[in-house]
Amino acid sequence: MVNLMHRALQLAGEALAAKEVPVGCVFTIDGEIIAESRNTVNATRNPTRHAEINCIDYVYDYCKANNIDYQIYFSNITVYVTVEPCIMCATALSNLNIREVIYGCANDRFGGKTVVDVSNYYIQSYSLTGNILANEAMALLKQFYKGVNPNAPELKVKKDKKV
Amino acid sequence: MSSEPPIKRPKITENEIDKFITGIMTAEKNLQAILSDEYDKPIPFVKVFVGTARDPKELSKIIQVLNDKIPLKELSHLKRVRKKEVLLCQSQHLNVLTQETIQEYIEHNSPELKDSFQYFREIDVPLTPPKLRRQYLECNSKMWSVNFHPDKQLERLFSDSFFPEYDLKLHRTFMSLVFETAYWYLSKHTKVELQDLFVGINIAVVVDPPRRSIVAIGLDNRQGHPLQHAAMLAIDNVAKTQNGGAWDADGAKNILSGINLDLMMHLKERYRQVMFGAKQYLEKNEIREGSKSDSPYLCTGYDVYLLREPCLMCAMGLVHARAKRVFFAVDNEFMGALKSKTKLQCVESLNHHFDVFTGFL
Ligand SMILES: [Zn+2]
Ligand SMILES: [Zn+2]
């Protein structure tokens, strides 16, 4: 378990080096890695390209190319991700009926358990375990937020009025 | 949210899409903002003690001492004085075990006022400050007065005349365009049935409001890919107008990369006043030092029009994308995350909040 999280942390480190929010993730079946990825939000200009979403895409394409029933395949997957999946990713993982999610540190800003408990909206949801190598995951995030997101525009002095 | 019951709906004909479009365009009622439930709940009340001053001339001194010794803290939205009466404290602050009276409480906490009050009474006052004029009028009872500073924007959102007529017409035009897009989509995909519009699939149109230009369109592909809901595709299509994108993003990128060209030709014929295309995207190194850049960034400043209320995944995707406002026509009672099952736009800890409007039909 720790080995798999170490791999996810390595991927998060790669994200940091690429000036992305450092989150890494591996998808596993029976302890074997079947997909791995990290955040690619800045590279794609698409704010939904989280590590989990990239892995889902990869696994789905793999199933399609090999004529595998993706619904059965996903239901056997255990996800290791350095930060608690956000509300969007948690919903996507629930829709796919993922078996289990193991994460590093909690996500106070938009966690799919901490901020909105996505499992409340499902009859059955994946088992969720946190706090695995949380300090390492958090240290990477702190390093990132010390710097400035290079792709975000500078704050305008005049705040845009809502509506 | 996980399982949608198999609803048998009467088959919708193309004629009926036309009816929707006409209905959306001709309806005169204003749109309805979807706001936090806290505005609908009645304000909770709490019991307090008030005392009548023996000598009204002493009032200002009494208040000074009270504010120092027995501050109102969480009840600071209430006036401390009303005529000759002074608000003292919440009833629950009295010691129940010793059966402390309000006179004893004053003696214990502020002895210099022990002879200041002629008599006491217990009344109900609102526990939290009113946020809307309607709530203010409800709770500003004859018993006690409440401070109220109306939030003009909030008051307008609650009125039924939020959008001026001209804006309302624009929003209704873009929503009718969503249905026109649905019509086009269904004519291209025989696999998708008309009634899927109301349970299975969705359409998303992203608009740059100041230019009244369509930046991107998402045509639902959830039957072909579990992540490719209309809003998720629309977000990726916006990325394609900014030199990015993840799904089928190999082609050349330009300001029209967010829209299917056939669809654009179809819509252009019917909506001659509507523009198409994003504002030019500039890479960091293309922006001259010190110049005021207004290169687009994600969906910042963009409005998103959806046929159906988005699910939690899509709604959170739109938060990540920093959409400015979200409009939808049809409630999604099984998975809707902006009205039906939850109201993501009201979750305070999120780092971005958009306004949500419905009421097109
Ligand atoms: Zn996520
Ligand atoms: Zn969705």
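Now for a look at the structure at hand. (Residues numbered from 1 in each chain as written. Chains lettered and ligands numbered in written order. Predicted model: local features only at pLDDT ≥ 70, side-chain atom pairs only at ≥ 80, totals over all residues. Heavy atoms only, no water.)

1. Details of the sheet that holds strand E7 (residues 213-219) of chain B
Residues and elements named next belong to chain B.
Link 1 in the chain: Ordered in space as E1-E11-E10-E9-E6-E7-E8, the 7 strands form an open sheet in which the pairing is mixed. Only two strands of the sheet have a single partner each, and these edge strands are strand E1 (32-33) and strand E8 (275-276).
Link 2 in the chain: Pairing analysis gives 2 bridges linking E1 to strand E11 (residues 355-358), with the strands arranged antiparallel. Across the sheet, Ala33 pairs through a bridge with Phe357, a residue of E11. (Pairing = 2+ DSSP bridges. Helix = DSSP H or I, 4+ residues; strand = E, 2+ residues; numbered from the N terminus.)

2. Quick look at the packing of helix H1 (residues 2-17) of chain A against helix H6 (residues 134-146) of chain A
Residues and elements named next belong to chain A.
Link 1 in the chain: Two numbers describe how H1 lies on H6: the axes approach to 10 Å, and their chain directions differ by 5 degrees. Considering the angle they form, H1 stands roughly parallel to H6. Across the interface between the two elements, Leu9, Ala12, Gly13 and Leu16 of H1 pack against Glu136, Ala137, Leu140, Gln143 and Phe144 of H6.
Link 2 in the chain: Partitioned by chemical class, the residues of the contact of H1 with H6 number 6 nonpolar, 2 polar and 1 charged. (Axes fitted to C-alpha atoms, helices over the stretch in contact; angles between N-to-C directions. Parallel < 35°, antiparallel > 145°, perpendicular 65-115°, else oblique. Contact = heavy atoms within 4.5 Å. Nonpolar A, V, L, I, M, F, W, Y, C, P; charged D, E, K, R; others polar.)

3. Remarks on the coordination of the zinc ion (ligand 1)
Residue and element names in this part refer to chain A.
Link 1 in the chain: Coordination of the zinc ion (ligand 1) by the protein comes from His50 (ND1), Cys86 (SG) and Cys89 (SG), over a distance range of 2.0 to 2.3 Å.
Link 2 in the chain: Here the donor residues of the zinc ion (ligand 1) share one chain and are spaced in sequence as H-x35-C-x2-C. Taken together, the positions of His50 in the loop between helix H2 (41-44) and helix H3 (51-65) and Cys86 in the loop between strand E3 (78-83) and helix H5 (87-95) put the pair 36 residues apart, joining distant regions of the chain. The residues His50 and Cys86 share a single accessibility class, namely buried. (Donors = N, O, S within 2.8 Å, 3.2 Å for Na, K, Ca; no water. Buried < 20%, exposed > 50% of the residue type's maximum accessible area, 1.4 Å probe, protein only.)

4. Quick word on H1 of chain A
Residues and elements named next belong to chain A.
Link 1 in the chain: With 16 residues, H1 extends 22 Å between its outermost C-alpha atoms, agreeing within 8% with the 22 Å of an ideal straight helix rising 1.5 Å per residue.
Link 2 in the chain: When we look at burial in H1, the residues that qualify are Leu4, Met5, Ala8, Leu9, Leu11, Ala12, Ala15 and Leu16. Angular distribution of buried residues about the axis of H1 spans 160 degrees; they occupy a single face of the element. The exposed residues of H1 that point more than 90 degrees off its buried face are Asn3 and Ala17.
Link 3 in the chain: Its buried side turned inward, H1 meets strand E1 (24-29), strand E2 (32-38), E3, strand E4 (100-105) and H6.
Link 4 in the chain: Downstream of H1 by a residue or two, Lys19 has a phi angle that is positive, lying close to 60 degrees. (Expected span 1.5 Å × (residues − 1). Arc of directions from axis to C-beta.)

5. A closer look at the packing of helix H7 (residues 230-240) of chain B against helix H9 (residues 312-320) of chain B
Residue and element names in this part refer to chain B.
Link 1 in the chain: Orientation of H7 relative to H9, taken along the N-to-C sense of each, is 25 degrees, at an axis distance of 8 Å. Considered as vectors, H7 and H9 are oriented roughly parallel to each other. The handedness of the crossing between H7 and H9 is left-handed. Residues Ala231, Met232 and Ile235 of H7 pack against Met313, Cys314, Gly317 and Leu318 of H9.
Link 2 in the chain: Looking at side-chain class alone, the contact of H7 with H9 contains 6 nonpolar, 1 polar and no charged residues. (Left-handed = near helix turned anticlockwise from the far one by under 90°.)

6. Focus on the environment of Leu263 of chain B
Residues and elements named next belong to chain B.
Link 1 in the chain: One can find Leu263 in helix H8 (residues 261-270).
Link 2 in the chain: A residue is classified by how much of its surface remains accessible, and Leu263, at 0% relative accessible area, is buried.
Link 3 in the chain: Placed 86 residues apart in sequence, Leu263 and Leu177 show a C-alpha to C-alpha distance of 11 Å.
Link 4 in the chain: Once residues within four sequence positions are removed from consideration, Leu263 is found in contact with Thr181, Trp184, Ile217 and Leu219.

7. Remarks on the interface of chain B and chain A
Link 1 in the chain: At the junction of the two partners, chain B supplies 42 residues and chain A supplies 36 residues.
Link 2 in the chain: The junction of chain B with chain A conceals about 3400 Å² of combined surface from both sides, 63% of it contributed by carbon and sulfur atoms.
Link 3 in the chain: At the junction of chain B with chain A, the criterion picks out 1 salt bridge.
Link 4 in the chain: For the salt bridge of Glu283 of chain B with Arg45 of chain A, the shortest nitrogen-to-oxygen distance reads 2.7 Å.
Link 5 in the chain: Linking chain B with chain A are 9 residue pairs in polar contact (both at pLDDT 80 or more), by the criterion used here.
Link 6 in the chain: Elements supplying a minimum of two residues to the side of chain B that touches chain A: H7, H9 and E11 of chain B.
Link 7 in the chain: Per-element tally for the side of chain B that touches chain A: the top contributor is H9 of chain B, with 5 residues.
Link 8 in the chain: A class-by-class count of the residues in the side of chain B that touches chain A yields 20 nonpolar, 15 polar and 7 charged. (Buried area = accessible area lost by both parts, 1.4 Å probe. Salt bridge = Lys/Arg side-chain N within 4 Å of Asp/Glu carboxyl O. Polar contact = N/O pair within 3.5 Å; in protein donor to acceptor, adjacent residues only side chain to side chain.)

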